[in-house]
Each structure stands twice: as structure tokens, then as C-alpha cells.
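Topology and contacts: notes
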Amino acid sequence: MPRARSTQARRIRFNAFAVNGVGHQIPGLWRHPDDRSRDYTSLAHWTRLARLLEDGLFDGIFLADALGPYDVYGGSADAALRTAAKIPMNDPMMLVSAMAAVTENLGFGVTASTAAEHPYTFARRMSTLDHLTGGRIGWNVVTGYLKSAAQNLGARDQLSHDERYDHADEYLEVLYKLWEGSWEEDAVVLDASRDTFADPAKVHPIGHEGEYFTVPGVHLCEPSPQRTPVIYQAGASERGIRFAAAHAEAIFVAAPTLTQTREQVARIRAGLEAAGRGRDAARIYSLLTVVVDATDESAAAKHRDVFSYASETGNLVLNSGWSGIDLSRRDLDAPLDPVETNAIQTTVSSLSGAADADGRWTLRDSARINATGGPVVVGSGETVADALERFVAETDVDGFNLAYALNPGTWEDVVEHLVPVLQRRGRYPTEAEPGTLRARMFGAGDRLPAAHPGAAYRR
Ligand SMILES: Cc1cc2nc3c(=O)[nH]c(=O)nc-3n(C[C@H](O)[C@H](O)[C@H](O)COP(=O)(O)O)c2cc1C
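This structure is a prediction, so every number in the text was calculated from the model and none was measured. (Residues numbered from 1 in each chain as written. Predicted model: local features only at pLDDT ≥ 70, side-chain atom pairs only at ≥ 80, totals over all residues.)

**Regarding the overall build of the protein chain**
Within the protein chain, the secondary structure is distributed over 15 helices and 15 strands. Relative to the compact-globule value of 23 Å for 459 residues, the protein chain shows a C-alpha radius of gyration of 22 Å, a close match. Overall, the protein chain is about 75 × 55 × 45 Å in size when its C-alpha atoms are taken along their principal axes. Evaluated residue by residue, the protein chain yields a buried proportion of 53% over its 459 residues. (Helix = DSSP H or I, 4+ residues; strand = E, 2+ residues; numbered from the N terminus. Rg over C-alpha atoms; globule rule 2.2 N^0.38 Å. Buried ≥ 20, exposed ≤ 12 C-beta atoms within 10 Å, placed from the backbone.)

**Some points on the packing of helix α1 (residues 43-55) against helix α14 (residues 409-424)**
Orientation of α1 relative to α14, taken along the N-to-C sense of each, is 25°, at an axis distance of 10 Å. Taken as axis vectors, α1 and α14 run roughly parallel relative to one another. Crossing geometry of α1 relative to α14 is assigned as left-handed. Side by side, α1 and α14 meet where Leu52, Leu53 and Asp55 of the first sit next to Trp411, Glu412 and Val415 of the second. (Axes fitted to C-alpha atoms, helices over the stretch in contact; angles between N-to-C directions. Parallel < 35°, antiparallel > 145°, perpendicular 65-115°, else oblique. Left-handed = near helix turned anticlockwise from the far one by under 90°. Contact = placed C-beta atoms within 7 Å.)

**So, the site of the ligand**
As a matter of local geometry, the ligand sits amid 21 residues, with Ala64, Ala234, Ser237, Gly240 and Thr346 nearest to it. The set of elements that each furnish at least two residues to the shell around the ligand consists of β3 (107-113) and α11 (345-353). Its residues assigned to classes, the shell around the ligand comprises ten nonpolar, ten polar and one charged. (Near = placed C-beta within 6 Å. Nonpolar A, V, L, I, M, F, W, Y, C, P; charged D, E, K, R; others polar.)

**Some remarks on helix α10 (residues 312-323)**
Side chains of residues three or four places apart in an α-helix project in the same direction, reflecting 3.6 residues per turn. Relative to the 16 Å expected for twelve residues at 1.5 Å per residue, α10 spans 16 Å between its end C-alpha atoms, a close match to the ideal helical length. Counting buried positions along α10 gives ten out of twelve residues, so the element sits mostly inside the fold. Burial in α10 covers these residues: Gly314, Asn315, Leu316, Val317, Leu318, Asn319, Ser320, Gly321, Trp322 and Ser323. Note on α10: the residue one or two positions beyond its end, Gly324, has a positive phi of about 75°. (Expected span 1.5 Å × (residues − 1).)

**Considering the nonpolar core**
In terms of nonpolar packing, the biggest core is built from 126 residues, with Ala16, Ile61, Val96, Ile251, Val253, Val290 and Leu402 touching the most fellow members. Among the elements that line this core, the one with the most residues is helix α6 (residues 161-182), at nine residues. Apart from the residues within four sequence positions on either side, Val253 is in contact with Ala236, Thr261, Gln264, Val265, Ile284, Ser286 and Val397. (Core = buried A, V, L, I, M, F, W, Y, C linked by C-beta atoms within 7 Å.)

**Considerations on the packing of helix α7 (residues 238-247) against helix α8 (residues 258-274)**
The axes of two packed helices give the description: the angle between them and the distance between them. Where α7 meets α8, the closest approach of the two axes is 8 Å, and the angle between their N-to-C directions is 50°. By the angle class used here, α7 and α8 are oblique. Here α7 runs over α8; the crossing is right-handed. Counting all contacts with α7, which are made through Ile241, Arg242, Ala244 and Ala245, the residues of α8 involved are Arg267, Ile268, Gly271, Leu272 and Ala274. Looking at the contact of α7 with α8, its residues break down into six nonpolar, one polar and two charged.

**Examining unusual backbone geometry**
With an omega dihedral of 5°, the bond running from Ile87 to Pro88 counts as a cis peptide bond. Its place among the elements puts Pro88 in the loop between α2 (78-83) and α3 (96-101). Cis geometry marks the peptide bond from Asn407 to Pro408; its omega dihedral reads 0°. Of note, Pro408 is situated in the loop between β15 (399-403) and α14. The phi angle at Lys86 is positive, at roughly 60°, despite the residue not being glycine.

**A few points about the confidence of the model for the protein chain**
Averaged over every residue, the pLDDT of the protein chain is 92; the share at 70 or more is 96%. Between residues 1-7, whose pLDDT stays under 50, and residues either more than four places distant or in other chains, the model counts ten contacts. (pLDDT = per-residue confidence, 0-100.)

**A short note on helix α4 (residues 119-132)**
With 14 residues, α4 extends 20 Å from end C-alpha to end C-alpha; this agrees with the ideal 20 Å at 1.5 Å per step. In this fold, the buried residues of α4 make contact with α3, β3, β4 (137-142), α6 and β8 (214-215). Positive phi appears at Gly134, one or two residues downstream of α4, with a value of about 65°.

**Looking at the pairing of β15**
Among the five residues in β15, five count as buried, and that is most of the element. When strand β1 (residues 13-19) meets β15, the two strands line up parallel, connected through four bridges. Note on β15: the bridge partner recorded for Ala16 is Leu402. Pairing analysis gives five bridges linking strand β11 (residues 283-293) to β15, with the strands arranged parallel. Bridge pairing in β15 places Ser286 opposite Phe400. (Pairing = 2+ DSSP bridges.)

Below, the structure is given as C-alpha cells:
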């Protein structure tokens, strides 16, 4: 694939994929002497990271979340606790104000489940963060996949896979009504002589009565810079893509092979088009782990060293949680056959569907790659930049959701060794881009575009 060096070359975008806990995509690496994940309880850890990512001109930091322990593996949370596989897990939203205070342009994509909180209170929390960040907030809409999370919130089980998306559709309808429709643009009049802060005739009760929610009243917050936060999503099943195509402005994909990534991206872009929004209405970021260093040799040595700390049990704990299948009971040296799940359908298809020229992958192979979240690219800045350019050309993604091997070492290495190469090749911005997150991502204003379904709730 010839390298595109002109200034017209397609830009490559980065997000950092983090979690407010010790163990993320690759359990076990917290044990590496250079890893600082253990400092997640310190605010300084997060403000330093925010500054680093802002200096590296990342689109944003994306904070994952889950609301229950990964207790599918072995039928209990024991292995998850032992390997710090997504537990402990602190609240991601609490980090945003502090990181916003030390940055000016970095975006924040915060994960929150539509199964967890009533949309009325959630709408206020997002509006508050949109105000405090100057319009830099995004929301990663997830519908949940852990039975343990539903049970700890008092339900017997979670809704079925597809009904979770129906429920989420109505959740978003309530939010759009609150964010876009409740307060008119000029509702805040600040007329001191008439003792009038806001004109009540311009603040409207939303009168929502649906299948899952009843919300009669007005939004508690005046309009924030973006009103609706940038909507992120990662659904990859047929129903998930339909949901993403309707709502999402940033879409995460995570497939173990380039072929699977290309197929997912093609289905997403077709879905966006079918939804009447245009195939480029959402930025698509592929999950990727990069190990980059000054030379190919030192990067390879770093990769061998760091990944020797990976925990196979922790990896299987994660894959069991995502797939809903207890992998402690499966033959790891055979391929996994596709099955129905009420957890993440896409995980089952990537665990069972991965193959290369030598045939179908064993469950052990797929699980290892799946948990890192796609290919791991190792090499010098030039080598990794070549790989990313090829990845973008072959899959049609807009950029990468960069998971870490070492925290924050992986991102420090990206900023030091990879970003300058991409900049030289005209693939990456060379200076800060001020503005709201939506304006930075699309260059077309702070608010939802007219073709987005949320815009229909405006007055
Ligand atoms: C990069 C990436 C990050 C994700 N982060 C989260 C997360 O933090 N919390 C969560 O509950 N689900 C997360 N998911 C899962 C998605 O919300 C969704 O359940 C999954 O992609 C499967 O969708 P599907 O059931 O339509 O196949 C993530 C998925 C991807 C690809």
C-alpha cells in the first residue's frame, strides 16, 4: 500500500481508552514495575494524564465503565478480584471536572449505562459537565451486558439483548426532549429590572409518557454549549448497529482481525446512510494497542517484557463477562462454536469467527487478541505509522481508540515516538484545535446537526 504523504491524506484521530480502576483490557499488567494503574485513586494521576493527552492533541479520553463484577468465569467474582479484572472500578464521571480544569481542548467520553440511572437525573449530570467543560463532554451510551450489574440494581436479570436497545431508544428520546426541547435558546433573559432570570414561557415541560419512562417536567439546566453531549456508541450486533446508526456520532469497533473490522465498518457506514444521516455522520475509532519505541528492536523487547506480565486467567474472566460464556469450562485449545448469548453478541462472533491462513483460531488465541482489543502493533514510530495508515486504508476507520499496555507509559510513547511521524506525514494535527468536542470532531458547529434525530426535538 503506497504511503499517502500529501496534505490531503486522511487524518488519523486518537482517543485514549482508560478506566477508573487498576485492570483494563489486559489484566495482569498492573504488576509491571513501570505501570502506574495502581495510582487510579489519586487525582494527580488523572490530571497528569489529561495534560499528556492534550499535549498529544488527542480528540479525547474515553472512560469505560461497568456496574457489576465479572462473575461469569467459574461462576463467581473470585478470579476477577484476584486478577483485578475490572474490579475495583471507581466512577468515571467524577474525574471529568478535575481533568477539565487543567486542560482547554481535550474531550471526555464518559461511559454510562441506560440500565443504571433514571434519564431525568442523568440529563442534569451531563448538562452540568457540558457547562463545566465548556462543551467538551461526550457520552458513551451502553446498555449493559452483565447480569451481576442488573441484579445489584435490584432486578432479577437484565432485559434481553434487543430489548435493552428498545429501552435505550426511549431513554434517548427523554434526553433529547430535555436537552434540546425544554429550554428555548433565548429563555435566559437576565432582566434585573423585571426580577426575571429566565422567561418561564420559554422553558417547556417535556410531557413524556412512554413504555418505560414518565417525565412530565422541565429540564433543570439552562442550555449548555453542546446541549446534547457527543454521543458515542459501540453496538456491533445487527440491533446494536441500528441503534448506533440512529444516534451515534462516534462509534467504537473492536474486532480481532482487519477483515472483521472492515466488515463491521462497512455495515456501520451502510447503516448511517440508511438512517438518512450520511456514511460519515459518525467518526469510527478502532480499538488498538500500540507498543512503540525508538527502534523496532527496542519496541519488540518492550512488547516481550510488558506482555510477559499479562494474566491469562484475567483475560478469560473478561472474555467470559463479555460473551456470557463461562470459559473455565471450555477447551481452550479448540475453536469456539458460535452460540446465542444475552451478553455481547459481537464478542461471541469475534471469539468464534477469527481465522487466518492457517485456519480457525483456538479459543486461547482469540481470547488473547480479543482482550487486547484488536491487533497489537509493535515497532518504531515509522513502522507503527505505516501500520496505522494501512489499517485506515483497508478498513475505512477514522482513527483509533488507543488502549494501554503500560499506564501512562503507552500513551507517553505514542506522544513521543508516533505522533511526530504522523504529523510529518500530514496525517495528524500539528496544533491545538479549540472549541467544543463536537466542533473539533466535525468542524460544523457545537450542536447536533439537523439530520440527527435529536435535532427534531428542538423548538
Ligand atoms: C471499544 C469498546 C468499548 C466498550 N466499552 C464499554 C464500557 O465501558 N461499558 C460497557 O458496558 N460496554 C462497553 N462496550 C460494549 C458495548 O457497549 C456493546 O455492548 C458491545 O459493543 C456489543 O454490542 P452488541 O451487543 O450490539 O454486539 C464497549 C465496546 C467497545 C467495542
